[in-house]
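Given next are the chains, with one letter for each unit.
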Amino acid sequence: MSTELRNFLALSYEELESLNLKAKEDRKNRVPADKIQEDRLKYLKDEKRIKAVTVLFSDLEGRLHMLDYDKKFLLGSFENLTFDGSSIRGFTAQRESDLRLGIDWSAFYWGPADIFGPGKVLVFGHVIDKDGTPYVGDIRGVLKGFADDLYKSDGFTLNAANEIEGFLFKGVDAEKHYYETGKFEYVNTGGYYHSLPGDPLRTFIDTTAEVQRSMGFQNEKDHPEVAPSQFEINYSYGEVVAAADQIQLYKLICRQVATKMGFTASFLPKPVVGVNGSGMHTNVSVSKNGKNLFWDPKGKEMLSECGWQFVDRILTHGNDICLLLNPSVNAYRRLDPHFEAPNQIKASAVDRGSMVRIPIGNERSMRVEVRSVAPDANPYMVMYSIFKTGLQGETAQIENLRQAERYLPDNIYDALANFKKADWTTKLFGEDVKERYADLKQAAADRCPRLLGTFVKAPEVQYHHDVYNQFLWNLF
C-alpha cells in the first residue's frame, strides 16, 4: 500500500537518542510528575505526526502487554483507561475483571520507526484497582511504591544494571515450532567474544545496540557469549524502576530485530542441553545524596558494612526467593555446576558458581552482583525481591553464612515448596499475590515430569523431558 500521502513521525536515530536521553535525565532527577505529565501532553497535542501511543504493562509472571491508543482518544481519556483484568494471567477473577491503566509519563520513549513503525511513541503504565489504589498484582507498581517510599523516608536511591544473555536461532518463531523440529539451529558457532563482522550474530548485535542507543540505553559493551549463537549487550545502570523497564524493552527490541532478520531471539534459561545457559546477572547498589553506600576502601573486597549486611540477607533468604528469580521449569536446567552456574548460596569475589559475587569496583561502581537470576523472570519481581530482601530481610544466625555448604534447588518443585513455606515471601507480597503466583508456578510444574529422562505423552507426539519443558510450557 502506498505511503506517500502519510506523514507519520519517523525520526533519525540521532534525534531519537537526544529526546530519550533528555527524558531519562528528567526521570533520574525526579522532575515532579505533574510537570512531566504537562510536558508530555503538550508534546502529544502539538506533534501532529503521532498517530498512536503504545502503553506497556506486565502481568504477574512478567509477560509484557502492549495496548495501542489513538492519540486523540488518549489525550481526552488518559485518566480513565480501563481493561479486562481477567484476561491477564495472575490478575483478577472474571467476576471482578475491570481494572484501570494509569500512565507513568516519566517512562516515555521514542522508538525508531523502522523497528516499531512510524507515528508511535511508547510509555509504561501502572495498573489501578477499582477503588483507585495501586493494584497489588502489578509488581511494577509495587516496586515503584517501595522505591519512592525509601527515597522519601531515607533518601535512598536504588540502582541496578543487568547483564542479560540470550540466544539467536534460525527461523522466525523457532520456539513455537520447536515441537516440530526437536532442535534449535544456531546462526553462529564462534563462541565467546568471537564473531566476524557481518556474520548474522554480529549483525544482529550491532543492529540491536543501535536501537538501544537511540532509545537512551547508554550502551557499554556487547559481544557473543560462551555458548554458540549466544549474545549479551550491556548498558549502564539506572534507578531501579527504570532499570526494570529497560529489561522489558531490551527483550522486546531483541525479539523485534531478530524477527525482522528472519531469526528468533530466545531468553529461555537453558534452550540447548550441553552448552552454557543464559542468565540475567543483576548488579545492585544503594546511594544517598549521590554517595554509593556500598563503597568502603577499607572494607573487605572494598564493600561497606551495609553492603555486606545486604549480602547476608540475600544469602539468608536465597532459597525463599529462588522461585522469584528462577520462575520456570527450564530455569533449573541452567543451575548446573558444570556450566559456571551460580547454584551455591554463598558470596565470593571470584567464584562464579556463587549466588552472589562482589565485582571489582570503585567509589562509583561498587556493587553486589546477584548471579542466580534467569532471563525469563519478571524483572520487577526480581528487583523488588532483591532490594527488599537485602534491605529489610532477616540475617540467619548460622556459622560461616557467606561460605556455608548450601545450594539452591535443582528443580522447580523444591523451589516452589521453599517459596510456599517461607514467611518472608508472605511479607514480600501478601497472602493473595503469593498464592496466585504459586498457583501459576504449580500449574507449570504439574505439566512436566519431575525426573530427568522420563517421558510424557502429548497428543500425536511423544516428548523427551528436556524437549517438553524447554519451550512448550515455560516461555514468557
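Residues numbered from 1 in each chain as written. Predicted model: local features only at pLDDT ≥ 70, side-chain atom pairs only at ≥ 80, totals over all residues. Heavy atoms only, no water.

S.K.: How would you sum up the overall build of the protein? Please name residues and give values.
M.R.: Helix and strand counts for the protein come out as 15 helices and 17 strands. Across the 476 residues of the protein, 57% fall into the buried class. (Helix = DSSP H or I, 4+ residues; strand = E, 2+ residues; numbered from the N terminus. Buried < 20%, exposed > 50% of the residue type's maximum accessible area, 1.4 Å probe, protein only.)

S.K.: Please give an account of the pairing of strand E6 (residues 156-170) that cites residues and values.
M.R.: Counted residue by residue, E6 has 13 buried out of 15 residues, so it is predominantly covered. In this structure, E6 lies alongside strand E11 (residues 280-288), joined through nine bridges in antiparallel fashion. Bridged to Ile164 within E11 is Met280. In terms of strand pairing, E6 meets strand E9 (residues 238-239) through two bridges, oriented antiparallel. Paired with Ala160 across the strands is Gly238, a residue of E9. Relative to strand E8 (residues 230-235), E6 runs antiparallel, the two sharing three bridges. In the sheet register, Gly166 faces E8, and the bridge partner there is Phe231. Of the strand pairs in this sheet, E6 and strand E10 (residues 263-266) are connected by four bridges, and their pairing is antiparallel. (Pairing = 2+ DSSP bridges.)

S.K.: Could you give an account of the side chain of Asp312, naming the residues involved and the relevant values?
M.R.: One can find Asp312 in helix H9 (residues 305-316). Here Asp312 is in contact with Thr395, Leu401 and Arg402, once residues within four sequence places are set aside. (Contact = heavy atoms within 4.5 Å.)

S.K.: Would you mind going over the packing of aromatic side chains in detail, with residue names and values included?
M.R.: Considering all chains together, one arrives at 19 aromatic pairs under this definition. Both rings, one in Phe217 and one in Tyr235, keep their centres 4.9 Å apart while their planes meet at 75°; by these two values the pair is edge-to-face. Remark: Tyr235 occurs in strand E8 and Phe217 occurs in the loop between helix H7 (200-214) and strand E7 (219-224); sequence separation between them is 18 residues. With respect to burial, Phe217 and Tyr235 carry one shared label: buried. Grouping aromatic residues by their ring pairs yields a cluster made of Phe204, Phe217, Phe231, Tyr235, Tyr250 and Phe267. Across the ring face of Phe419, the terminal group of Lys434 is positioned such that the distance to the ring centre comes to 5.7 Å. (Phe/Tyr/Trp six-rings, centres within 6.5 Å; stacked < 30°, edge-to-face > 60°. Lys NZ or Arg CZ within 6 Å of the ring centre and 35° of its normal.)

S.K.: If you had to explain helix H13 (residues 412-421) to someone new, which residues and values would you point to?
M.R.: Where H13 is concerned, the buried positions are Ile412, Tyr413, Ala415, Leu416, Asn418 and Phe419. Put simply, Asn411 is the residue that caps the front of H13, since its side-chain oxygen is 3.0 Å from the backbone nitrogen of Tyr413. (Polar contact = N/O pair within 3.5 Å; in protein donor to acceptor, adjacent residues only side chain to side chain.)

S.K.: Summarise helix H12 (residues 379-392); cite the residues concerned and give the values.
M.R.: In a regular helix each residue adds 1.5 Å, so 14 residues correspond to 20 Å; H12 covers 19 Å between its end C-alpha atoms and thus fits that length. In terms of burial, H12 is largely enclosed, as 12 of its 14 residues are buried. (Expected span 1.5 Å × (residues − 1).)

S.K.: An account of the environment of Ile412 is needed here, citing residue identities and associated values.
M.R.: Here Ile412 lies in helix H13. With 89 residues separating them along the chain, Ile412 and Leu323 place their C-alpha atoms 7.3 Å apart. Each residue touching Ile412, except ones within four places of it in the same chain, is listed here: Leu323, Pro327, Ser328, Val329, Tyr332, Lys441 and Ala445.

S.K.: Provide a residue-level description of the packing of H9 against H12, including the pertinent values.
M.R.: Here H9 crosses H12 at 115°, and the two axes come no closer than 7 Å. Relative to H12, the element H9 is oriented roughly perpendicular. The way H9 lies across H12 gives a crossing that is right-handed. Contacts from Gln309, Phe310, Arg313 and Ile314 in H9 reach Ile386, Phe387, Thr389, Gly390, Leu391 and Gln392 in H12. By residue class, the composition of the contact of H9 with H12 is five nonpolar, four polar and one charged. (Axes fitted to C-alpha atoms, helices over the stretch in contact; angles between N-to-C directions. Parallel < 35°, antiparallel > 145°, perpendicular 65-115°, else oblique. Left-handed = near helix turned anticlockwise from the far one by under 90°. Nonpolar A, V, L, I, M, F, W, Y, C, P; charged D, E, K, R; others polar.)

S.K.: Lay out the nonpolar core in plain terms, naming residues and giving numbers.
M.R.: Residues Phe204, Phe231, Leu249, Tyr250, Val311, Val356 and Phe387 are the most contacted members of the largest nonpolar core, which totals 97 residues. Counting residues per element, this core draws most heavily on helix H8 (residues 240-260), which supplies 12 residues. Not counting residues up to four positions away in its chain, the partners in contact with Phe387 are Phe146, Leu158, Asn159, Ala160, Val240, Val284, Ser285, Val286 and Phe310. Within the second largest apolar cluster, 28 residues are counted, among which are Leu16, Ile36, Leu101 and Phe108. (Core = buried A, V, L, I, M, F, W, Y, C linked by side-chain atoms within 4.5 Å.)

S.K.: Summarise the pattern of salt bridges; cite the residues concerned and give the values.
M.R.: Considering all chains together, one arrives at 21 salt bridges under this definition. Of the charged contacts in the structure, one is a salt bridge between Arg27 and Asp245, with a shortest N-O distance of 2.6 Å. One end of the pair, Arg27, is in helix H1 (residues 13-28); the other, Asp245, is in helix H8, and 218 residues separate them in sequence. Note on accessibility: Arg27 and Asp245 belong to one class, buried. (Salt bridge = Lys/Arg side-chain N within 4 Å of Asp/Glu carboxyl O.)

S.K.: Break down unusual backbone geometry for me, with residues and values.
M.R.: Positive phi outside glycine occurs at Asp173, with the angle close to 60°. Here Asp173 lies in the loop between E6 and helix H6 (178-181). Here Asp173 falls in the partly exposed class, since its relative accessible area comes to 37%. Positioned with a positive phi, Asn400 is a non-glycine residue whose angle comes to about 55°. Relative to the helices and strands, Asn400 resides in the loop between H12 and H13.

S.K.: An account of the pairing of strand E1 (residues 52-58) is needed here, citing residue identities and associated values.
M.R.: Counting buried positions along E1 gives seven out of seven residues, so the element sits mostly inside the fold. Here E1 shows two buried faces, one formed by Ala52, Thr54, Leu56 and Ser58 and the other by Val53, Val55 and Phe57. Alignment of E1 against strand E5 (residues 120-128), held across five bridges, turns out to be parallel. By the bridge assignment for E5, Leu56 is matched with Phe124. Two elements, E1 and strand E2 (residues 64-70), share seven bridges in a ladder whose sense is antiparallel. By the bridge assignment for E2, Thr54 is matched with Asp68. Hairpin geometry of E1 and E2 is characterised by an intervening segment of five residues between the two adjacent antiparallel strands and by a positive phi of about 100° at Gly62.

S.K.: Give a description of the sheet that holds strand E3 (residues 81-84) that names residues and reports values.
M.R.: The five strands are arranged E2-E1-E5-E4-E3 in an open sheet whose pairing can be described as mixed. Unpaired on one side and paired on the other, E2 and E3 mark the two borders of the sheet. The sheet shows a mean angle of 40° between the axes of neighbouring strands, direction not considered.

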